[in-house]
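Below, each chain spelled out in residue letters.
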Amino acid sequence: MAGDAWISETAPYLAPRKPGQSDAWTDEAALRGRRGGQRLLQAGETDAPDDIRTALRLSADERVVVRRRLILLDEQPVELADSYYPVAIAGGTPLAEPRKVPGGAVTLLGELGYTGAEVVEDVSAGLATAEESQYLDLPEGSAVLRLLRLTSTADGTPMEASLMTMPAGRHLTYRIGKQDA
């Protein structure tokens, strides 16, 4: 996607999907004549990395449910997407199982009574870890962009923290809502 004028709309990734509707990434790629896909790498309970624990306001002994996916564009890896949920929200749900979640996480969370009302995105850059380099097919020492998206409910409860890691050659433009001309 480097060099492409690709403006990603955040809103479709935060909205529940209708029955039978494909996921937001598949739809976004298709609009550009491309094939979007993903491969689930991990799902289940785990200890939270420090930045995720802080974002979700968890104590040191609280665990999270993680869903780690490799995002593909035309069968090529373009992003690692790790979504973390407090066990109090996602434990014992399909989010903790290593299988596709019909309608996606946002749809299931809505069915469980959790609707995102506030989203904060933080972008940083750094060097890829060995694992990130392997999954993203990057040479050792490559730079990556990391986008940490925290979604909270209307009462301020953090419900999801997603860490998206992508090659630094990407240009990110996010637009939420319709822009006035």
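In what follows, the structure referred to is the one given above.
Residues numbered from 1 in each chain as written. Predicted model: local features only at pLDDT ≥ 70, side-chain atom pairs only at ≥ 80, totals over all residues. Heavy atoms only, no water.

Caption draft 1: Broad picture of helix H2 (residues 24–31). The complete set of buried residues in H2 reads Ala24, Trp25, Glu28 and Ala29. Around the axis of H2, the buried residues are gathered within 125 degrees of arc, so they sit on the same side. Of the residues trailing H2, Gly33 is marked for its positive phi of about 70 degrees. (Buried < 20%, exposed > 50% of the residue type's maximum accessible area, 1.4 Å probe, protein only. Helix = DSSP H or I, 4+ residues; strand = E, 2+ residues; numbered from the N terminus. Arc of directions from axis to C-beta.)

Caption draft 2: Local environment of helix H5 (residues 104–111). Among the residues making up H5, those that are buried are Ala105, Thr107, Leu108 and Leu109. On the buried face of H5, the contacting elements are strand E4 (76–86), helix H4 (87–90) and strand E7 (158–167). Following H5 by one or two positions, Gly113 has its phi on the positive side, about 95 degrees. (Contact = heavy atoms within 4.5 Å.)

Caption draft 3: Geometry of the environment of Ser152. Considering the arrangement of structural elements, one finds Ser152 in strand E6 (residues 143–152). Considering only alpha carbons, one finds Ser152 and Val120, 32 residues apart in sequence, at a separation of 8.7 Å. In this view, Ser152 contacts Thr115, Gly116, Ala117, Glu118, Thr157, Pro158 and Met159; residues no more than four positions away in its chain are not counted.

Caption draft 4: Representation of the pattern of salt bridges within the structure. Per the stated rule, a full pass over the model turns up 10 salt bridges. Salt-bridge contacts for Glu121 lead to Arg149; the nearest nitrogen and oxygen are separated by 2.6 Å. Here Glu121, found in strand E5 (residues 118–127), pairs with Arg149, found in strand E6; they are 28 residues apart in sequence, far enough to count as distant. Beyond isolated ion pairs, a larger network of salt bridges with shared partners links Glu45, Asp47 and Arg63. (Salt bridge = Lys/Arg side-chain N within 4 Å of Asp/Glu carboxyl O.)

Caption draft 5: Inspection of the sheet that holds E7 at higher detail. Strand order in this open sheet of six strands is E2-E3-E4-E7-E6-E5, and the pairing throughout is antiparallel. Taken across any chain shown, the strands that pair with only one partner, and hence form the sheet edges, are strand E2 (36–47) and E5. Neighbour-to-neighbour, the strand axes of this sheet turn through a mean angle of 15 degrees, independent of strand direction. Both E2 and strand E3 (residues 63–73) contribute to a ladder of 11 bridges, which runs antiparallel. Residue pairing in the sheet places Gln38 in a bridge with Ile71 of E3. (Pairing = 2+ DSSP bridges. Axes fitted to C-alpha atoms, helices over the stretch in contact; angles between N-to-C directions.)

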